[in-house]
Amino acid sequence: MREKRVAILGLARSGTALAAALAARGIAVAAGDRRARREIDPTGALETAGVVLFSDGADSSMLDGADLLAISPGVPLSHPVAAEARRRGIPVVSELEVAWRLIEEEAEGENRWIAVTGTNGKSTVSTWIAEILRRDGRDVALAGNIGTALSTFCSSRRPRHFVVEVSSFQLETIERFRADVAVVTNITPDHLDRHASLAAYAAAKARIFENQREGDAAVVNDDDRGSAGLHPPARRVGFSTLRSVDGGVWAENGYLWSGIDEARRRICGVSEVALPGLHNLENALASAAAAELAGASAESIRAGLTRFAGLPHRTELVAVAEGVAWVDDSKGTNPDAVVKSLAGYPDGRVVLILGGSEKGSDFSILAAPVARKARVVLTIGQSAEKIERSISGVETKRAGDMERAVDLAASAARPGDTVLLSPACASFDQYRNYEERGDHFRSLVLGRVAHGA
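Right, let's walk through the structure included here. (Residues numbered from 1 in each chain as written. Predicted model: local features only at pLDDT ≥ 70, side-chain atom pairs only at ≥ 80, totals over all residues. Heavy atoms only, no water.)

Attention now moves to the sheet that holds strand 11 (residues 235-240). The strand order 7-8-6-9-10-11-12-13-14 describes an open sheet built from nine strands, whose pairing is mixed. The outermost strands of the open sheet, each flanked by one partner alone, are strand 7 (140-144) and strand 14 (265-269). Put simply, the sheet's adjacent strands are angled 20° from each other on average, direction ignored. Sheet topology places strand 10 (residues 217-221) next to strand 11; five bridges connect them, and they run parallel. Bridge pairing in strand 11 places Ala-217 opposite Arg-235. Strands strand 6 (112-117), strand 7 and strand 8 (161-165) of the sheet are contacted by helix 6 (residues 122-135), whose axis makes an angle of about 170° with strand 8. (Pairing = 2+ DSSP bridges. Helix = DSSP H or I, 4+ residues; strand = E, 2+ residues; numbered from the N terminus. Axes fitted to C-alpha atoms, helices over the stretch in contact; angles between N-to-C directions. Contact = heavy atoms within 4.5 Å.)

What follows is the structure in structure tokens.
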């Protein structure tokens, strides 16, 4: 990198990994975070590497002499330090952007980049693509918003297939980041507490295509109103569960099909897809398209689609006890995710746990599918009252917290029912993240309900 001094705002996983990567290259780093020093650098590794730390709330002095400000995804562009950087003419970019530059500049060979974004399904699709490519014998790095910062891979220069999950927060501050294959799973209302409007949120997502070239490919959900209208500069490859797609992939007559290479080819049977539900059929199509565009063989794509184990907290079956299935979909953090999750269950057979911290979501879209699919709704957390006002035609009980919700669900559920934790909300009012929420649900179910199952 030509920059000699870089400021980093936010020292969670991505900021910490980037600070270490830059310091290892002799670049001067000043890094700030709102937490205490003992929390952001508990082992002293950053200070030992020469990183200058600004703890207990970063201030604009960390920008002095900086050529660039890199911000972590959790830091809004409205942060005073980010605003001051823009006032001074200092470029503000994401950790994703800087890590991509480092990796591309130093690679000893040609990397392939597959980037995945969307409101729902992006973690599953990213992991599914990586699974297919590994089965195809590729050296794969799975990184980004999924949990492993891209900067973690800056220490290795060997060429790889990078599969990167990217969020709207990361995309709003890219400059040159480019993917050979870019995927948008869907665009529905989310994170409206941070983005000014749905249009602004969609525009941030669409930036995944911004730097693509004519030889690149853009994979887009043709069934999704929010993304179907996207017109990327690269080759557009659509996917659909409703109709055939010229030059794309689709589901028809019980099979998944590909027309990417112009000749119609059967991929596998719908019933063979490893993960159930309409939303996972969409995820499978997106994954198959991206993997084929990245050069994976038909055999590897079929094996990956039919043998994929899925991810924790994404409609994950926790237990079956006394004829009742208990399912953890803690990753269902917005209303659209819940609608898609409910679609996989019989009408009137779901005991649904909803609620958590507020993200500015419109819960009214839950009204019809919840009334049709759920027999009982149990609400928890900060948004309980707002959710209760938005739904009708179904019995609703205020549980308050997860312990009481599980107890009430155990009393309400009948053989053949599914108790589904799909909160439609973030978790930060009661938990550190959706994983902790899902783990708590699992431990309560296994401890109180299914210990004898």
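One finds Ile-8, Leu-22, Trp-113 and Leu-150 to be the most contacted residues of the largest nonpolar core, which totals 47 residues. Once residues within four sequence positions are removed from consideration, Leu-22 is found in contact with Met-1, Val-6, Ile-8, Ile-27, Val-29, Val-98 and Leu-102. Counting residues in each nonpolar core, the second largest holds 39 residues, with Val-116, Val-163, Val-183 and Ile-267 among its members. (Core = buried A, V, L, I, M, F, W, Y, C linked by side-chain atoms within 4.5 Å. Buried < 20%, exposed > 50% of the residue type's maximum accessible area, 1.4 Å probe, protein only.)

A positive phi angle is found at Thr-315, which is not glycine, with a value near 40°. Within the secondary structure layout, Thr-315 lies in the loop between helix 11 (298-307) and strand 15 (316-321). A residue is classified by how much of its surface remains accessible, and Thr-315, at 24% relative accessible area, is partly exposed.

Let us look at the sheet that holds strand 18 (residues 374-380). Taken together, the six strands give an open sheet; going across it, the order is 15-16-20-17-18-19, and neighbouring strands pair in mixed fashion. The strands lining the two open edges of the sheet, one partner per strand, are strand 15 and strand 19 (395-400). Across this sheet, the average inter-strand angle for adjacent strands is 20°, counted without regard to direction. Relative to strand 18, strand 17 (residues 350-354) runs parallel, the two being bridged by five bridges. Its bridge partner being in strand 18, Val-350 is matched across the sheet by Ala-374. Across the sheet, helix 15 (residues 402-412) touches strand 16 (324-328), strand 17, strand 18, strand 19 and strand 20 (418-421), and the angle it forms with strand 18 is around 165°. Together, strand 15, strand 16, strand 17 and strand 20 form the strand contacts of helix 16 (residues 434-449), whose direction differs from that of strand 15 by roughly 15°.

Let us now look at the side chain of Thr-418. Positionally, Thr-418 belongs in strand 20. For Thr-418, a relative accessible area of 9% translates into the label buried. Look past the residues within four positions of Thr-418 in its chain and what remains in contact with it is Ala-325, Val-327, Tyr-345, Arg-349, Val-350 and Val-351.

With that settled, consider the packing of aromatic side chains. Scanning all chains against the criterion turns up eight aromatic pairs. Centroid distance Trp-113 to Phe-177: 6.3 Å. Interplanar angle 80°. Geometry classified as edge-to-face. In this pair, Trp-113 sits in strand 6 while Phe-177 sits in the loop between helix 7 (168-171) and strand 9 (181-184), placing the two residues 64 residues apart along the sequence. Across the pair, exposure class does not vary: Trp-113 and Phe-177 are buried alike. When the centroid spacing of 6.3 Å and the interplanar angle of 45° are considered together, the rings of Trp-326 and Phe-441 count as tilted. Here Trp-326, found in strand 16, pairs with Phe-441, found in helix 16; they are 115 residues apart in sequence, far enough to count as distant. For Trp-326, a relative accessible area of 1% gives the class buried. Using a relative accessible area of 0% as the deciding quantity, one classes Phe-441 as buried. What links up through ring pairs into an aromatic cluster is the set Trp-100, Trp-113, Phe-153, Phe-162 and Phe-177. In this arrangement the basic side chain of Arg-266 is found over the ring face of Tyr-255, its NZ or CZ atom lying 4.2 Å from the centre. (Phe/Tyr/Trp six-rings, centres within 6.5 Å; stacked < 30°, edge-to-face > 60°. Lys NZ or Arg CZ within 6 Å of the ring centre and 35° of its normal.)

For helix 10 (residues 278-293), built from 16 residues, the straight-helix expectation of 22 Å at 1.5 Å per residue is met to within 8% by its first-to-last C-alpha distance of 23 Å. Counting buried positions over the 16 residues of helix 10 gives 15, a clear majority of the element. Immediately beyond the C-terminal end of helix 10, within one or two residues, lies Gly-295, with a positive phi of roughly 100°. (Expected span 1.5 Å × (residues − 1).)

This brings us to empty space enclosed by the protein. Using the criterion set out here, one finds one cavity of 30 Å³ or more in the structure. As for the largest cavity, its lining consists of 19 residues, and the residues nearest its centre are Asn-120, Gly-121, His-279, Arg-314 and Ala-337. Among the elements of the structure, helix 6, helix 10 and helix 12 (335-342) are those that each provide at least two residues to the lining of the largest cavity. Of the residues assigned to the lining of the largest cavity, the class counts are one nonpolar, twelve polar and six charged. (1 Å grid on protein atoms, 1.4 Å probe; cavity = no way out; pocket = protein on both sides within 12 Å on 5 of 7 lines; lining within 4 Å. Points joined across faces, edges and corners; volume = space filled by probe spheres on them. Nonpolar A, V, L, I, M, F, W, Y, C, P; charged D, E, K, R; others polar.)

Right, let's get into the pairing of strand 1 (residues 5-9). Burial of strand 1 is extensive: four of the five residues sit out of reach of the surface. Two strands pair when backbone bridges link them, and strand 1 and strand 2 (residues 28-32) are joined in this way by five bridges, in the parallel orientation. Residue Ala-7 lies in a different strand from strand 2, and its bridge partner there is Ala-30. Sheet topology note: the strand 1/strand 4 (residues 68-71) ladder contains four bridges and is parallel.

This part takes up the pairing of strand 12 (residues 249-252). With two bridges connecting them, strand 11 and strand 12 associate as parallel partners. Paired with Ser-240 across the two strands is Trp-250, which belongs to strand 12. Where strand 12 and strand 13 (residues 255-258) come together, four bridges link them in antiparallel fashion. The partner of Trp-250 across the bridge, within strand 13, is Trp-257. Between strand 12 and the antiparallel strand that follows it, strand 13, lie two residues; Asn-253 among them carries a positive phi value of about 55°.

Glancing now at helix 11. Among all positions of helix 11, only Ser-300, Ile-301, Ala-303, Gly-304 and Leu-305 are buried. Where the residues of helix 11 are buried, they touch helix 6, strand 13, strand 14 and helix 10.

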